[in-house]
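One letter stands for each residue in the lines below.
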Amino acid sequence: MSDSIWDDPTVTAYILGELSADETAAFEKRMEDNSSLAEVVAEARDVTNQLQIMYTEDASSTLDPTRRESITEGKFRNSPVVKRSSSWRIPLSLLATAAALLLLVGSSYLFPPATTVSVESVSPRSSDGRDSAQHPGTMHTAEEAADLKMSNMEEMDSSQPDMLYSSGVDLKNDVPTDKDPIAGFGMGASAPRNAGENKTSGRTPNSSANPLKPAAMIAEGEDDELVLSEAAIPPPAPMAKAKTKTSRGLAAKAKTLGETSSLRIQTPASVADVTSDQNRFENLTENVFKRVSDAPLSTFSIDVDTASYSKVREYLLRQRRLPPVDAVRIEELVNYFNYEYLPPKDNAEHPFAAKAEIIACPWNEDHRLARIALKGKTMQPKNRPLSNLVFLLDTSGSMNSPNKLPLVKAGMNMLLSQLGENDRVAIVVYAGSAGLVLDSTPATQTRKIENALNTLAAGGSTNGGQGIQLAYQTARDNFIDGGVNRVILCTDGDFNVGTTGTGSLVRMVEKEAAGNIYLSVLGFGMGNHNDSMLEQISGIGNGNYAFIDSQKEAQKVLVDQASGTLVTIAKDVKLQVEFNPRMVSAYRLIGYENRVLAKEDFNNDKKDAGEIGAGHAVTALYELIPAGVQGNAVPPKVDDLKYQSSNKLTDAANGGESLTLKLRYKQPDGETSQLVEFPVIDNETTFQDADHDARFAAAVASFGMQLRQSEHAGDWNMQNVIDIASDAKGEDMSGLRAEFVEMAEAAKKLKQ
Amino acid sequence: MTESGSTWPAETINALVDRYERPLLAYAGRMLGGDWQGAQDAVQETFLRLCREDPAKIESRVAAWLFSVCRTRVIDMQRTNHSTPFDSSQIAVADKSPEVSEAVIKAEDRDQLYGLVEKLTNRQQEVLRLRLQAGLSYREIAEVTGLTIGNVGFHLHAAVRNLRDSLAVS
């Protein structure tokens, strides 16, 4: 019946996004009129989707390390000194034509003599004459564009004073804490670092703001690809909105550039650790042992993120190398697994169950290991509140990789299958410009959604700032009272916040979270992942951060744990542990380095903390040094105070309790926290007698410590991890624990 | 143009290798009928040539350039019976890659699909791979293969159609 329709190669061209905007529109018209054509398209799309996945999985081998070295060395033999600016970024620069640079060139028109300093530092590439010489034609265009921007800027300036102002403030605030200036251009190579640094500092002295991106912000994708992503955007109105935002954004950015000049000097010139890829990880300083007499309270925010685990897996199993130390966040490794913690009963007072126990510490026989376990109440999909989801998809050029955009689409399809007719889905893309690809649509209109999904193609550069505004706007417009209102950002982390700066982005996310629109982040692909920013904004947005590296991971996050990913059951969950000096002389929180809170924050309901989703399990481990045990690990005692006497023990200290666990949380829509508190007694459980979840969690923690080359890893090696983890696998229905053993084996080999 | 305009920054090369080594290896490996060592040679050679190339000349079409060069290299290798400038390649070393890639394709239907793809004409397999694995546009595929753009579209569609038919039968 449909055979003659199958003769038309336009079907495949349409699915693959090879048609121009006009052709696409015409084709879609034809599909509307002809249901057999629509069927053929659906069938063909099914084939291409399957192929896409197959090919993605097929392309897994990489060059041998020695060959790779020869390429880098060969390069340097030919050109020992690389003078070019280091700001090249692939594949962006592939897609970007000269226009990409010309925002910078443009900026030199915007700020003539007064800010020459800024301009020089901002665009070394335009000043080396190379590009300007090379692309005179486009240059002219940019000049015109700059003029355009100018006029827009005048209009917009007055309407957006806070935005402009906040950009300036961010710079000031963020500069001194910038731990990773090189992160901006995030490249592993050494030679041209200085040039790049000037550039970085000049443009966006803002560690996580990805300073490179603004340069490429107006990059043109390859024509066909860019056209595609725009062709995919039917409704003209939102586009117009987005466009206005673009010009406003540009104006704001231009202003930022100008303001930057005075700040440039403050940017630290030091070079932080550079990993050999473009991933950017926040520096984590490991928690140390603290004396209970000096610091009896330990306070931290929970964290249900799992991104670090999938990332470590990608390093160990795919790339076959050890992950950078800072990619390893131990709590995320431990929390990746689904422990058999009992959820609270249906009529329980609190939305999660909490439990704690103390067992022997396997890597140091004199120490004890306290495990705190929380389990959020579970939720059947049918009981899930209605969802209003806005997917914010990164379709920038850097997503044009088999393990990124195709996986995003596959993941979205999986999540859609979990939704019902009253759930709503919208899609916003951001690349060269931001646009609403799919206005909020009932989740059961799969064909419409799939059509929108399949017309997406990667191209152009990221402009996340506008995209996220549009996404929040869409979420607000379709707000469901008492439902799940969530923006889900899917990106490789090349998130250009040029229009806003990280600071104002964070504030926006914070504000929207206060208005009950949460943000979750799904990270895709390795290579240039701005890990620390994604973790930060998902935390502030009351969402979680997962890293999707495979179909399997997408299945875990978006199907098996869909409720947890979507539904928050308790927010701002904080833990405070008070140790009893009679029983414990020192303690160390394993992991949670970037979640540690001041003890005063515990009772401060204004202080943001982590969220628990439905069914999420959270585990925290403390290594304890029992009272009376001496050893190198115990930090030296400080002298007694001259003006105060040391704390006296209360009667409760003699009660045999090792610690008291206090938990604070808020209901998802609540403003006031509730307190849960209970004591924990050490029952002298040996490690062998501990249940398999406890032993497995300990093995994972040790694995993390060894990967982090922790001085606290004790006398365990990877073989111990492998032995215990294999033994404590339990049922392991999902196979995740077996995979962990595989990872530990890979790590053992790589460490040799 | 300044003198410095003729070299690639090291991190550009690194990023390009990161981005394209996988699809290039898969592409070359397939063309060489599973000779993964040969594929490694071809891809290494391709990147070495890239380093020597003037960035200004090819930066706008690096993907197509890489696959063109790799393709030419592979065809040369096939002609000269796998002789390559690298001694290491003459020693038969078991390469893990095929096992790895096989290991990842677990699902049965994926195996089945894999088998069906193998039955397509070489031309169809090549354009499919360039499109869906390497992410090249029709135009870039045309540049790499020497086909016309229309021809690329035709082969791709034919491949999709064939697969759909065989999937429907099975």
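Rules and cut-offs
- Residues numbered from 1 in each chain as written.
- Chains lettered and ligands numbered in written order.
- Predicted model: local features only at pLDDT ≥ 70, side-chain atom pairs only at ≥ 80, totals over all residues.
- Helix = DSSP H or I, 4+ residues; strand = E, 2+ residues; numbered from the N terminus.
- Buried ≥ 20, exposed ≤ 12 C-beta atoms within 10 Å, placed from the backbone.
- Contact = placed C-beta atoms within 7 Å.
- Pairing = 2+ DSSP bridges.
- Axes fitted to C-alpha atoms, helices over the stretch in contact; angles between N-to-C directions.
- Parallel < 35°, antiparallel > 145°, perpendicular 65-115°, else oblique.
- Left-handed = near helix turned anticlockwise from the far one by under 90°.
- Nonpolar A, V, L, I, M, F, W, Y, C, P; charged D, E, K, R; others polar.
- Core = buried A, V, L, I, M, F, W, Y, C linked by C-beta atoms within 7 Å.
- Expected span 1.5 Å × (residues − 1).

Engineer: Is there a simple way to think about the overall build of chain A in this case?
Structural biologist: Each helix and strand in chain A was counted, giving 27 helices and 16 strands. With 752 residues in all, chain A has 58% of them scored as buried. Contacts spanning at least 24 positions in sequence make up 83% of the contacts within chain A whose residues lie at least 6 apart.

Engineer: Sorry, what's going on with the overall build of chain B here?
Structural biologist: In terms of regular secondary structure, chain B is built from nine helices and zero strands. For chain B, the α and β elements follow one another from N to C terminus as α-α-α-α-α-α-α-α-α. The long-range fraction of contacts in chain B, counting pairs at least 24 apart against all pairs at least 6 apart in sequence, stands at 67%.

Engineer: Looking at this structure, I do not really get the pairing of strand β9 (residues 518-524) of chain A. What am I missing?
Structural biologist: Side-chain direction in a regular strand flips from residue to residue, so the side chains alternate between the two faces of the sheet. All names here are of chain A. Burial analysis of β9 places seven of its seven residues in the buried class, the great majority of the element. The alternating pattern of β9 places Y518, S520, L522 and F524 and L519, V521 and G523 on opposite faces, both of which are buried. As paired strands, strand β8 (residues 484-491) and β9 are joined by six bridges and run parallel to one another. Note on β9: the bridge partner recorded for L489 is V521. When β9 meets strand β10 (residues 545-548), the two strands line up parallel, connected through four bridges. If you follow V521 over to β10, its bridge partner there is Y545.

Engineer: How should I be thinking about the packing of helix α25 (residues 692-707) of chain A against helix α26 (residues 718-727) of chain A in this particular structure?
Structural biologist: For any two helices packed against each other, the geometry is given by the interaxial angle and the distance between the axes. Residue and element names in this part refer to chain A. At a minimum axis separation of 9 Å, α25 and α26 run at an interaxial angle of 160°. Taken together, the axes of α25 and α26 are roughly antiparallel relative to one another. Of the two elements, α25 crosses α26, and the hand of that crossing is left-handed. When α25 is examined against α26, the residues R695, F696, A698, A699, S702, F703 and Q706 are found in contact with a partner set consisting of M718, N720, V721, I724 and A725. Classifying every residue of the contact of α25 with α26 gives eight nonpolar, three polar and one charged.

Engineer: Explain the pairing of strand β2 (residues 297-301) of chain A here, please?
Structural biologist: Residues and elements named next belong to chain A. The buried fraction of β2 amounts to four of the five residues, a majority that puts the element mostly inside the structure. The pairing of β2 with strand β11 (residues 568-579) spans five bridges and is classified as antiparallel. Paired with L297 across the strands is E578, a residue of β11.

Engineer: Can you help me understand the nonpolar core in this one?
Structural biologist: Note that soluble globular proteins tend to have their nonpolar side chains buried in a common cluster. Counting 210 residues, the largest nonpolar core has A:L392 and A:V428 as the members making the most contacts within it. The dominant element in this core, judged by the number of residues it contributes, is helix α1 (residues 10-31) of chain B, at twelve residues.

Engineer: What am I meant to see in helix α7 (residues 122-133) of chain B here?
Structural biologist: Owing to its 3.6 residues per turn, the α-helix brings residues three or four apart onto one side. Residues and elements named next belong to chain B. If you check α7, its first and last C-alpha atoms are 15 Å apart, about what twelve residues at 1.5 Å a residue would give, namely 16 Å. Along α7, nine of the twelve residues are buried, which leaves the element largely enclosed by surrounding structure. Turning to α7, its buried residues number three or more, namely Q124, E126, V127, L128, R129, L130, R131, L132 and Q133. Count one or two residues on from α7 and you reach G135, which has phi positive near 75°.

From the geometry alone we can't say anything about function, so treat these as descriptive.
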